[in-house]
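# Fold and geometry: a report
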Amino acid sequence: MSKQLKQLGDDIWKNQVEKINSELFTLTYGSVVAQLCKDLDNNYDQVNNELYKMGYNIGVRLIDEFLQKTQLSRCTNMHETAEVVSKIGFKIFLNITPTVSHWTADNKSFGLILVENPLADFVELPNTEARKKLWYSNVLCGVLKGCLEMVQLDCDVSFLQDSLKGDENTEIRVKLNKILKDEIPAGEE
Amino acid sequence: MSYYFAILGTNDAPVYELEIGTYRQSGNGVPHLPNELQELEQFILNSSLDILQDNQFKDTGLFSKNLDSFYGYKILSYLTQGNGKFLIMTDLKNHDESIRQFFIEIHELYVRNLLNPFYEINQPIRSADFDTRVRALAKRYL
């Protein structure tokens with residue numbers, strides 16, 4: 001199964017995805033973050049929130065493109081979801097395949113370890129306060145949150161560690177809260 | 001036998017400076033610039049900028065190994081395409097080639113630093129990482 005997913009991810013990356021120059025991408029994201037820091041007077045908690053919101057708004061749209069390109073059906077458990085996120089989601093949009101690890105015993109929470117992070121090339125955080133508080137790539141958490149929410153998975157997504165801060169790895173933690181029910185919008189029968 | 005190395009930004013404002021001794025001839029990297037020279041080094045480099053600017057649009061190369069001299073110290077320069085300037089003042093002779101290599105490697109570091117979104121052009125380079133890398137290069141080439 002996981003072999004197939006990898007194959008599918010590779011195929012889509014090769015044939016169906018529009019690609020841009022990675023430096024253009026990295027520098028664009030960098031300017032966004034730097035400008036946010038400036039606009040919010042280096043209030044890094046607020047910057048994190050803002051990035052998260054931006055990501056969320058990307059995520060709720062991106063999931064449709066993802067489903068249209070992959071034609072995948074519903075995952076049966078979280079393990080499968082994690083594999084799809086890593087081997088196809090990250091692959092087709094960022095051309096990286098994070099390692100899935102650190103499952104908790106209840107199988108509801110896992111870590112995604114980013115060996116390389118295309119958002120963070122060239123970046124060096126400016127001061128110790130930023131090193132403590134700023135999650136530079138927080139947009140990714142928002143994207144995951146948005147995507148998963150649109151497929152009825154209510155999750156908490158956050159960074160656990162970031163190599164920009166001097167940590168060993170860059171790890172995103174995904175924790176499933178509950179599976180949302182398909183509900184009829186209020187006011188409709 | 002010492003070096004004084006400085007990076008000047010596009011508006012000639014100093015961005016980074018380093019005094020370092022040679023590692024050749026059994027040196028250990030400790031600079032031995034006389035006191036009276038230490039007080040003057042910024043002036044000496046800045047005064048050589050005039051010559052640099054005169055030559056800027058005549059020479060095709062980036063590197064100039066005899067830009068200027070000051071009482072036995074000579075000044076070498078490297079001008080990036082973006083108008084950043086790397087200058088070295090030294091009393092070592094016959095090390096032009098390794099200094100050129102040093103400049104080329106510094107150029108790469110300098111560009112990487114410019115690409116950091118938190119760095120603003122012509123601001124002092126305060127990154128500790130940059131400093132360590134420059135010192136490592138100095139150890140290798142100077």
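What counts as what
- Residues numbered from 1 in each chain as written.
- Chains lettered and ligands numbered in written order.
- Predicted model: local features only at pLDDT ≥ 70, side-chain atom pairs only at ≥ 80, totals over all residues.
- UniProt positions renumbered as here; feature names shortened; annotations may be inferred.
- Contact = placed C-beta atoms within 7 Å.
- Nonpolar A, V, L, I, M, F, W, Y, C, P; charged D, E, K, R; others polar.
- Bend = angle between axes of the 7 residues up to and from the residue.
- Helix = DSSP H or I, 4+ residues; strand = E, 2+ residues; numbered from the N terminus.
- Buried ≥ 20, exposed ≤ 12 C-beta atoms within 10 Å, placed from the backbone.
- Pairing = 2+ DSSP bridges.
- Axes fitted to C-alpha atoms, helices over the stretch in contact; angles between N-to-C directions.
- Parallel < 35°, antiparallel > 145°, perpendicular 65-115°, else oblique.
- Left-handed = near helix turned anticlockwise from the far one by under 90°.

- The name given to chain B in an unreviewed UniProt entry is DEBR0S3_01508g1_1, with Dekkera bruxellensis as the source organism.

- In the annotation of an unreviewed UniProt entry, chain A is listed under the name Trafficking protein particle complex subunit BET3 and assigned to Dekkera bruxellensis.
- Per UniProt, chain A carries the Sequence similarities (unreviewed entry) text "Belongs to the TRAPP small subunits family. BET3 subfamily."

## Quick notes on the interface of chain A and chain B
- In this assembly, 10 residues from chain A lie in contact with 7 residues from chain B.
- Taken together, the residues of the side of chain A that touches chain B sort by class into 7 nonpolar, 2 polar and 1 charged.

## Examining helix α4 (residues 78–94) of chain A
All names here are of chain A.
- Roughly 35 degrees is the biggest bend found in α4, and it falls at Val-85.
- Counting buried positions along α4 gives 12 out of 17 residues, so the element sits mostly inside the fold.
- Within the sequence span of α4, burial applies to Met-78, Thr-81, Ala-82, Val-84, Val-85, Ser-86, Lys-87, Ile-88, Gly-89, Phe-90, Lys-91 and Ile-92.

## Some remarks on the pairing of strand β3 (residues 63–70) of chain B
All names here are of chain B.
- Where β3 and strand β4 (residues 73–79) come together, 5 bridges link them in antiparallel fashion. Across the sheet, Phe-63 pairs through a bridge with Tyr-78, a residue of β4.
- As consecutive antiparallel partners, β3 and β4 are separated by 2 residues, and within that stretch Tyr-71 has a phi angle of approximately 45 degrees, a positive value.

## A few points about the sheet that holds strand β2 (residues 109–114) of chain A
All names here are of chain A.
- Taking strand neighbours across the sheet as the criterion, the 4 strands line up as β1-β2-β4-β3 in an open arrangement whose pairing is antiparallel. At either end of the open sheet lies a strand with only one pairing partner, and these are β1 (99–101) and β3 (153–161). With direction set aside, neighbouring strand axes in the sheet form an average angle of 25 degrees.
- Sheet topology places β2 next to strand β4 (residues 170–179); 6 bridges connect them, and they run antiparallel. Within β4, the position partnered with Ile-113 by the bridge is Glu-171.
- Where α4 meets the sheet, its contacts fall on β1, β2, β3 and β4, and the angle it forms with β1 comes to roughly 155 degrees.

## A short note on the packing of helix α3 (residues 96–115) of chain B against helix α4 (residues 128–141) of chain B
Residue and element names in this part refer to chain B.
- Between α3 and α4, whose axes approach to 10 Å, the crossing angle comes to 165 degrees. When the axes of α3 and α4 are compared, the pair comes out roughly antiparallel. For the pair α3 and α4, the sense of crossing is right-handed. Between α3 and α4, the contacting residues are Ser-98, Gln-101, Phe-102, Glu-105, Ile-106, Leu-109 and Asn-113 on the first element and Phe-130, Arg-133, Val-134, Leu-137 and Tyr-141 on the second.
- For the contact of α3 with α4, the per-class residue count stands at 7 nonpolar, 3 polar and 2 charged.

## Thoughts on the pairing of strand β1 (residues 2–8) of chain B
Residue and element names in this part refer to chain B.
- Counting buried residues in β1 gives 6 out of 7 residues, a clear majority hidden from the surface.
- As defined by bridge partners, β1 adjoins strand β2 (residues 14–21) across 7 bridges and the pair is classed as antiparallel. When the bridges of β2 are listed, Leu-8 appears paired with Pro-14.
- Linking β1 back to β2 in an antiparallel pair, the connection comprises 5 residues, with Asp-12 at a positive phi of about 70 degrees.
- The pairing of β1 with strand β5 (residues 85–90) spans 6 bridges and is antiparallel. The residue of β5 that forms the bridge with Ala-6 is Leu-87.

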